Amino acid sequence: QVQLVESGGGLVQAGGSLRLSCTASGNIFSINAMGWYRQAPGKRREWVTTISSDGSTNYADSVKGRFTISRDNARNTVYLQMTSLKPEDTAVYYCNAPWVVTTIGRGSEYWGQGTQVTVSS
């Protein structure tokens, strides 16, 4: 069993900052990339950012220059530092690990339960 648990969401005013964390736990042998998605009310879930196991990153154009993803491989944790937040960043943010190999050799994708981020204008 592998679980991803997010934390750090909340309510912030426009222009403010928040830091999200996501920790993977369980029978983990290896984790490849980790990333964040978000889903605003009435909209589809959209990709936000990904960080590979070697630290290379990619960002959606909508967050480039404002959001920073990082990871601590020793703690199986990924972070999302969000700055200059806008009301349109309001969404449930989901942590994603597209390929986790367990100690019994099985690989699968995992998602966190989501954490709400609300940006007021």
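Draft legend 1. Inspection of the overall build of the chain at higher detail. Scanning the chain from terminus to terminus reveals zero helices and twelve strands. The order of helices and strands in the chain, counted from the N terminus, is β-β-β-β-β-β-β-β-β-β-β-β. At 14 Å, the chain has a C-alpha radius of gyration in line with the 14 Å of a compact globule built from 121 residues. For the chain, the C-alpha atoms occupy an extent of roughly 50 × 25 × 20 Å along the three principal directions. Expressed as a percentage of its 121 residues, the buried residues of the chain come to 43%. Long-range pairs, those at least 24 residues apart, make up 56% of the contacts in the chain with a sequence separation of at least 6. Of the accessible surface of the chain, which amounts to about 6,500 Å², a share of 46% is contributed by carbon and sulfur atoms. Of the side-chain charges in the chain, 11 are positive and 8 negative, and the distance between the mean point of each set is 2 Å.

Draft legend 2. Representation of the pattern of salt bridges within the structure. Per the stated rule, a full pass over the model turns up five salt bridges. Between arginine 38 and aspartate 89 there is a salt bridge, with the nearest N and O atoms lying 2.9 Å from each other. Residue arginine 38 is located in strand 5 (residues 34–39), and its partner aspartate 89 is located in the loop between strand 9 (77–82) and strand 10 (91–102); the two are separated by 51 residues in the primary sequence. Aspartate 89 sits in the buried class, given a relative accessible area of 0%. Here aspartate 61 ties to lysine 64 by a salt bridge, and the two come within 3.2 Å at their closest N and O atoms. A relative accessible area of 65% means that aspartate 61 is categorised as exposed. Through salt bridges with shared partners, a single network forms among Arg38, Glu46, Arg66 and Asp89.

Draft legend 3. Summary view of the packing of aromatic side chains. One pass over the structure, following the stated rule, counts one aromatic pair. An angle of 65° between the planes, with centres 4.9 Å apart, marks the rings of tyrosine 37 and tryptophan 111 as edge-to-face. Taken together, the residues span a long stretch of sequence, with tyrosine 37 in strand 5 and tryptophan 111 in strand 11 (residues 107–111) at a distance of 74 residues. Overall, the relative accessible area of 33% leaves tryptophan 111 in the partly exposed class. We note arginine 19 situated over the ring of tyrosine 79; from NZ or CZ to the ring centre the distance is 4.1 Å. Between arginine 45 and the ring centre of tryptophan 111, over which it is positioned, the NZ or CZ distance is 4.7 Å.

The rules behind these values
Residues numbered from 1 in each chain as written. Predicted model: local features only at pLDDT ≥ 70, side-chain atom pairs only at ≥ 80, totals over all residues. Heavy atoms only, no water. Helix = DSSP H or I, 4+ residues; strand = E, 2+ residues; numbered from the N terminus. Rg over C-alpha atoms; globule rule 2.2 N^0.38 Å. Buried < 20%, exposed > 50% of the residue type's maximum accessible area, 1.4 Å probe, protein only. Contact = heavy atoms within 4.5 Å. Areas by Shrake-Rupley, 256 points an atom, 1.4 Å probe, with all protein chains shown as cover. Lys, Arg positive; Asp, Glu negative; His and termini not counted. Charge placed at Lys NZ, Arg CZ, Asp CG, Glu CD. Salt bridge = Lys/Arg side-chain N within 4 Å of Asp/Glu carboxyl O. Phe/Tyr/Trp six-rings, centres within 6.5 Å; stacked < 30°, edge-to-face > 60°. Lys NZ or Arg CZ within 6 Å of the ring centre and 35° of its normal.

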